[in-house]
Amino acid sequence: MTHVQRAATLAAVASALVVSLAWADIAAPRRAALSNLLVQDCGSCHGLTMRGGLGPALTPEALAGKPPVMLRDVILHGRPGTPMPPWQPFLTVEEAEWLVQVLINGLVP
Ligand code: HEC
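This report concerns the structure included in the present document. Since this is a predicted model, take the numbers as computed values, not measurements.

### Some thoughts on the site of the ligand
Here's step 1: Near the ligand there are 21 residues, and of these Cys42, Cys45, Gly55, Thr82 and Met84 occur at the shortest range.
Here's step 2: If you tally residues by element for the shell around the ligand, the top one is helix H2 (residues 28–46), at six residues.
Here's step 3: For the shell around the ligand, the per-class residue count stands at 14 nonpolar, four polar and three charged.

### A few points about the packing of helix H4 (residues 68–77) against helix H5 (residues 93–104)
Here's step 1: Two elements in contact, H4 and H5, have axes separated by 9 Å at closest approach and are oriented at 120 degrees. Classified by the angle their axes make, H4 and H5 are oblique. Two packed elements cross with a definite hand, and for H4 against H5 that hand is right-handed. Touching Pro68, Leu71, Arg72, Ile75 and Leu76 of H4 are Val93, Ala96, Glu97, Leu99, Val100 and Ile104, all from H5.
Here's step 2: Looking at the contact of H4 with H5, its residues break down into nine nonpolar, no polar and two charged.

### Concerning the environment of Gly65
Here's step 1: Along the polypeptide, Gly65 turns up in the loop between helix H3 (60–63) and H4.
Here's step 2: Separated by 39 residues in the primary sequence, Gly65 and Ile104 place their C-alpha atoms 9.9 Å from one another.

### A look at unusual backbone geometry
With the exception of glycine, the majority of residues adopt a negative phi angle, and the majority of peptide bonds are in the trans configuration.
Here's step 1: Here Met50, not a glycine, exhibits a phi torsion of approximately 65 degrees, which is positive.
Here's step 2: With respect to the helices, strands and loops of the structure, Met50 is situated in the loop between H2 and H3.
Here's step 3: Residue classification places Met50 among the buried positions, given that 23 C-beta atoms sit within 10 Å.

### So, the environment of Ile75
Here's step 1: Inspection of the secondary structure assignment puts Ile75 in helix H4.
Here's step 2: Since 23 C-beta atoms lie within 10 Å of it, Ile75 is described here as buried.
Here's step 3: With 22 residues separating them in the primary sequence, Ile75 and Glu97 have C-alpha atoms 9.0 Å apart.
Here's step 4: Apart from residues lying up to four places away in sequence, Ile75 is in contact with Trp87, Leu91, Ala96, Leu99 and Val100.

How each quantity is defined
Residues numbered from 1 in each chain as written. Predicted model: local features only at pLDDT ≥ 70, side-chain atom pairs only at ≥ 80, totals over all residues. Near = placed C-beta within 6 Å. Helix = DSSP H or I, 4+ residues; strand = E, 2+ residues; numbered from the N terminus. Nonpolar A, V, L, I, M, F, W, Y, C, P; charged D, E, K, R; others polar. Axes fitted to C-alpha atoms, helices over the stretch in contact; angles between N-to-C directions. Parallel < 35°, antiparallel > 145°, perpendicular 65-115°, else oblique. Left-handed = near helix turned anticlockwise from the far one by under 90°. Contact = placed C-beta atoms within 7 Å. Buried ≥ 20, exposed ≤ 12 C-beta atoms within 10 Å, placed from the backbone.

As structure tokens, then:
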């Protein structure tokens, strides 16, 4: 690998890091509760398998290319003027980021 190629690879890795969120360190019981919330509450609008319903699909394919930070903010603050409610009263920032990771990695239980 030449220096130029190496620099390009590092730049690509760095930009990938900027747009992705780190997996939050959330305790197992809370992860179970969040998974339950995702299927029961989010699933009531987005579909039990996240393929869409009243709300749009939240599958990895549907979310591809959407900035994770934007998705996190939609979860926390909702989309005013749409049925998407704010979940900030129930979720920390880290928990919303964890849900985004579950969704974009297709790990919905
Ligand atoms: C009452 C119905 C409802 C519930 C419950 C709900 N959503 Fe939504 N959600 C929507 C709708 C409708 C939209 C699309 C809003 C719009 O038109 O932009 C949306 C949008 C989103 C988006 C943005 C998708 C995109 O492609 O931009 C995300 C992410 C999301 N919801 C996640 C969640 C999560 C996670 C939960 C549970 C914690 C949840 N939603 C619960 C209705 C709901």
